[in-house]
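# Structural features, examined
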Amino acid sequence: GAGVSQSPSNKVTEKGKDVELRCDPISGHTALYWYRQSLGQGLEFLIYFQGNSAPDKSGLPSDRFSAERTGGSVSTLTIQRTQQEDSAVYLCASSLTSGVAETQYFGPGTRLLVL
Amino acid sequence: KQEVTQIPAALSVPEGENLVLNCSFTDSAIYNLQWFRQDPGKGLTSLLLIQSSQREQTSGRLNASLDKSSGRSTLYIAASQPGDSATYLCASYSNSGYALNFGKGTSLLVTP
């Protein structure tokens with residue numbers, strides 16, 4: 001595709017429900033990243049995929065958070081038993097490879113509100 | 001963990017002014033530094049990427065510099081326009097080389 005796409009663009013859920021956030025990276029990009037932007041906070045790294053593997057999951061804030069990537073393309077970030085502090089904008093990015101000189105291209109984000 | 005700080009948090013200037021946004025980082029052993037623009041309700045747009053071996057990068061009215069020894073980067077915007085109004089974020093790669101560490105951004109308003 002022309003750019004990184006994410007769905008849904010907005011999600012309102014009740015505390016305790018599970019949510020799934022989807023990311024479609026740029027075609028041909030092997031590396032995919034999830035970040036979270038909370039109100040008043042900077043963006044924080046959550047998880048990174050090279051192909052379908054996630055070498056680094058250290059940024060996931062709790063075991064309620066998980067992510068997978070299939071076919072080296074689409075990724076899904078799942079939050080179980082959502083809490084109000086999970087409310088944030090979840091951003092996905094992709095890059096051609098995972099090298100340090102590679103520019104990361106970001107999607108528009110999913111705005112999650114947990115009531 | 002690399003800490004990235006941006007000053008000022010907000011800035012308002014009249015159209016036509018030249019301006020400088022500042023970014024500082026704690027670990028001088030960075031791989032590279034990237035400046036992004038974020039418009040309300042939208043994702044991040046990469047503006048400039050400065051590799052660790054470079055001192056500056058230019059694109060149109062934008063010029064970004066990198067001084068690893070002092071742990072600082074600046075984004076210079078020449079002849080500012082109302083369309084430049086956005087939040088500007090700087091980010092450096094962590095020691096892992098793939099995760100970006102972001103500052104909290106500078107919110108810029110350029111008034112006509």
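Up top is the structure these notes are about.
Residues numbered from 1 in each chain as written. Chains lettered and ligands numbered in written order. Predicted model: local features only at pLDDT ≥ 70, side-chain atom pairs only at ≥ 80, totals over all residues. Heavy atoms only, no water.

Residue and element names in this part refer to chain A. Here we have four strands laid out as an open sheet, ordered S1-S3-S8-S7, and antiparallel in their pairing. The open sheet terminates on both sides in strands that have one partner only, identified here as strand S1 (5-7) and strand S7 (65-69). Pairwise comparison of adjacent strand axes, ignoring direction, gives a mean angle of 15° for this sheet. (Pairing = 2+ DSSP bridges. Helix = DSSP H or I, 4+ residues; strand = E, 2+ residues; numbered from the N terminus. Axes fitted to C-alpha atoms, helices over the stretch in contact; angles between N-to-C directions.)

Considering only enclosed or pocket space, the largest pocket measures out at about 400 Å³ in volume. Taken together, 21 residues line the largest pocket, and the ones lying closest to its centre are A:Glu44, A:Phe45, B:Lys1, B:Gln2 and B:Asn101. For the lining of the largest pocket, the residue count by class is six nonpolar, ten polar and five charged. Reported here for the second largest pocket is a volume of approximately 270 Å³. Among the residues forming the lining of the second largest pocket, the class breakdown is five nonpolar, eight polar and one charged. (1 Å grid on protein atoms, 1.4 Å probe; cavity = no way out; pocket = protein on both sides within 12 Å on 5 of 7 lines; lining within 4 Å. Points joined across faces, edges and corners; volume = space filled by probe spheres on them. Nonpolar A, V, L, I, M, F, W, Y, C, P; charged D, E, K, R; others polar.)

The subject of this paragraph is the pattern of salt bridges. On inspection of all chains with the given rule, the structure shows six salt bridges over all chains. For A:Asp24, the salt bridge identified is with A:Arg22, shortest N-O distance 2.8 Å. Given a relative accessible area of 38%, A:Arg22 falls into the partly exposed group. Measuring nitrogen to oxygen at the nearest pair gives 2.8 Å for the salt bridge that ties B:Asp84 to B:Arg61. You can see B:Asp84 sitting in the loop between strand S8 (72-77) and strand S9 (86-93) and its partner B:Arg61 sitting in the loop between strand S6 (56-59) and strand S7 (62-67), a full 23 residues away along the chain. Given a relative accessible area of 30%, B:Arg61 falls into the partly exposed group. (Salt bridge = Lys/Arg side-chain N within 4 Å of Asp/Glu carboxyl O. Buried < 20%, exposed > 50% of the residue type's maximum accessible area, 1.4 Å probe, protein only.)

The subject of this paragraph is unusual backbone geometry. Residue A:Pro8 is reached from A:Ser7 by a cis peptide bond, and omega for that bond is -10°. Assignment of secondary structure puts A:Pro8 in the loop between S1 and strand S2 (10-13). One non-glycine residue with positive phi stands out, namely A:Arg81, at about 45°. Within the secondary structure layout, A:Arg81 lies in the loop between strand S8 (75-79) and strand S9 (88-95). Taking the relative accessible area as the measure of exposure, A:Arg81 reaches 42% and is therefore partly exposed. We note that B:Ala79 has phi near 45°; this positive angle belongs to a residue other than glycine. Structurally, B:Ala79 is set in the loop between S8 and S9.

So, on to the environment of A:Tyr48. Along the chain, A:Tyr48 falls in strand S5 (residues 43-50). When its relative accessible area of 5% is taken as the criterion, A:Tyr48 is described as buried. Setting aside anything within four residues of it in sequence, one finds A:Tyr48 in contact with A:Ala31, A:Leu32, A:Tyr33, A:Ser53, A:Ala54, A:Pro55, A:Asp56, A:Ser98 and B:Tyr98. (Contact = heavy atoms within 4.5 Å.)

Our next topic: the interface of chain B and chain A. Listed per partner, the contact involves 21 residues of chain B and 22 residues of chain A. Each partner contributes to the roughly 1,600 Å² buried at the junction of chain B and chain A, and carbon and sulfur atoms together form 56% of this total. Considering only the surface of chain B that becomes buried against chain A, B:Leu44, B:Tyr98 and B:Phe102 emerge as the three largest contributors, covering 33% of it. Across the chain B-chain A interface, the total number found is zero salt bridges. Here chain B is connected to chain A by three residue pairs in polar contact (both at pLDDT 80 or more). For the side of chain B that touches chain A, the secondary structure elements donating two or more residues are strand S4 (32-38), strand S5 (44-51), S9 and strand S10 (100-102) of chain B. Along the lines of polarity and charge, the residues of the side of chain B that touches chain A split into ten nonpolar, nine polar and two charged. (Buried area = accessible area lost by both parts, 1.4 Å probe. Polar contact = N/O pair within 3.5 Å; in protein donor to acceptor, adjacent residues only side chain to side chain.)

Bear in mind that shape data such as this cannot, by itself, settle questions of function.
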